[in-house]
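This is what each chain is made of:
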Amino acid sequence: MSDTVTDNPAMSRFELDVNGQTVFATYRRRGSILHIPYVEAPPSLRGTGAAGRLLEGVMAIARAEGLTIVPICGYAANWMHRHREHHDLLAR
C-alpha cells in the first residue's frame, strides 16, 4: 500500500488511494493559505488511520509549497491539534 497523496486540482482535493478506495480532503487556495473544509474516508476505512495518512501527505505538500493551513473541518482541526510537529503550518 502506498501512502502517496496526490493533488486533484480539477476537483480541488487531495487524494489518497487505499486498496481502490479514495480518502480525500477538499481545499480552497487563497494565495499561500490552504483552507481545508472537509475530510472524507469511505466507511470501510474509518478508524484505520487512512485519513491521518492523508493529512500527513497534505502537510508534506503544504510544507514543500510554502503554504499555511486553515483546518476548517473538525477532523482536520483536531488532527492538527494532536500533531504538534505541524503547528508551524497553521495560518496565523
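Reading guide: rules and limits
- Residues numbered from 1 in each chain as written.
- Predicted model: local features only at pLDDT ≥ 70, side-chain atom pairs only at ≥ 80, totals over all residues.
- Heavy atoms only, no water.
- Helix = DSSP H or I, 4+ residues; strand = E, 2+ residues; numbered from the N terminus.
- Expected span 1.5 Å × (residues − 1).
- Buried < 20%, exposed > 50% of the residue type's maximum accessible area, 1.4 Å probe, protein only.
- Contact = heavy atoms within 4.5 Å.
- Core = buried A, V, L, I, M, F, W, Y, C linked by side-chain atoms within 4.5 Å.
- Phe/Tyr/Trp six-rings, centres within 6.5 Å; stacked < 30°, edge-to-face > 60°.

(A) Representation of helix α1 (residues 50-65) in the model. The end-to-end C-alpha distance of α1 is 23 Å, a good match for the 22 Å that 16 residues give at a rise of 1.5 Å each. Restricting attention to buried positions, one finds in α1 the residues A50, A51, G52, L54, L55, G57, V58, M59, I61 and A62. Of the surrounding elements, those touching the buried residues of α1 are β1 (5-8), β2 (13-18), β3 (21-30), β4 (33-40), β5 (68-71) and α2 (74-82). One or two residues past the end of α1 sits G66, with phi positive at roughly 70°.

(B) Seen up close, the nonpolar core. Counting 27 residues, the largest nonpolar core has F14, V23, L34, I36, V39, L54 and V58 as the members making the most contacts within it. Those elements giving two or more residues to this core turn out to be β2, β3, β4, α1 and α2. Tallying contributions element by element places α1 first for this core, with eight residues. When neighbours within four sequence positions are excluded, L54 is seen to be in contact with V5, F14, E15, L16, V23, F24, A25 and V39.

(C) Expanded view of the packing of aromatic side chains. Scanning the model with the defined rule gives two aromatic pairs in all. Between the aromatic rings of F14 and Y27, the centroid separation amounts to 4.6 Å while the plane-to-plane angle is 35°, which identifies the pairing as tilted. Of the two residues, F14 sits in strand β2 while Y27 sits in strand β3, which places them 13 residues apart along the sequence. Residue class for Y27 comes out buried when judged on its relative accessible area of 7%.

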